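# Inside the fold
Here are the chains, one letter per residue:
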Amino acid sequence: PIPPSIKEEVIKLIKSKIASGVYEPSNSSYQSHWFCIAKENGTVHIVHNLQQLNSITVKDAVSMPYMELFTEQCVG
C-alpha cells in the first residue's frame, strides 16, 4: 500500500511516466512488483522488483571478447 502522505505525489509521478512513454500498456503475463521510497529531498522514487523476470531471462551463452583483441582491431 502507498502511504497516504505520499499518495498524491506517487499518482503524479506515475501519470508523468505514462505521458512521457516510460510506462506503457502491456499484455505480458509477467508483472513487476513495485514500491515507493521518499527521498531526503522530498521527492518520491519508484523501485521495481524484477526478480521474477530476471529468473527466466536467458543469460549470454557466449563469453565476453578479450578487450585487447578488440582495441587492436580498432586502432587501425
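Our structure's up above, just so we're on the same page.
Residues numbered from 1 in each chain as written. Predicted model: local features only at pLDDT ≥ 70, side-chain atom pairs only at ≥ 80, totals over all residues. Heavy atoms only, no water.

## Thoughts on helix H1 (residues 7-20)
The terminal C-alpha atoms of H1 lie 20 Å apart, and with 14 residues this matches the ideal 20 Å at 1.5 Å per residue to within 8%. Just downstream of H1, Gly21 is the residue with a positive phi angle, here 90°. (Helix = DSSP H or I, 4+ residues; strand = E, 2+ residues; numbered from the N terminus. Expected span 1.5 Å × (residues − 1).)

## Observations regarding the nonpolar core
In terms of nonpolar packing, the biggest core is built from five residues, these being Ile6, Val10, Leu13, Val44 and Ile46. Secondary structure elements with two or more residues in this core: H1 and strand E2 (44-49). For Val44, the contacting residues outside a window of four places in its chain are Ile6, Glu9, Val10, Leu13, Cys36 and Ile37. (Core = buried A, V, L, I, M, F, W, Y, C linked by side-chain atoms within 4.5 Å. Buried < 20%, exposed > 50% of the residue type's maximum accessible area, 1.4 Å probe, protein only. Contact = heavy atoms within 4.5 Å.)

## Brief notes about the environment of Ser29
Mapped onto the elements of the fold, Ser29 is located in the loop between H1 and strand E1 (33-38). Judged by relative accessible area, Ser29 falls into the exposed class, the value being 68%. Along the backbone, Ser29 and Lys7 are 22 residues apart, and their C-alpha atoms lie at a distance of 27 Å.

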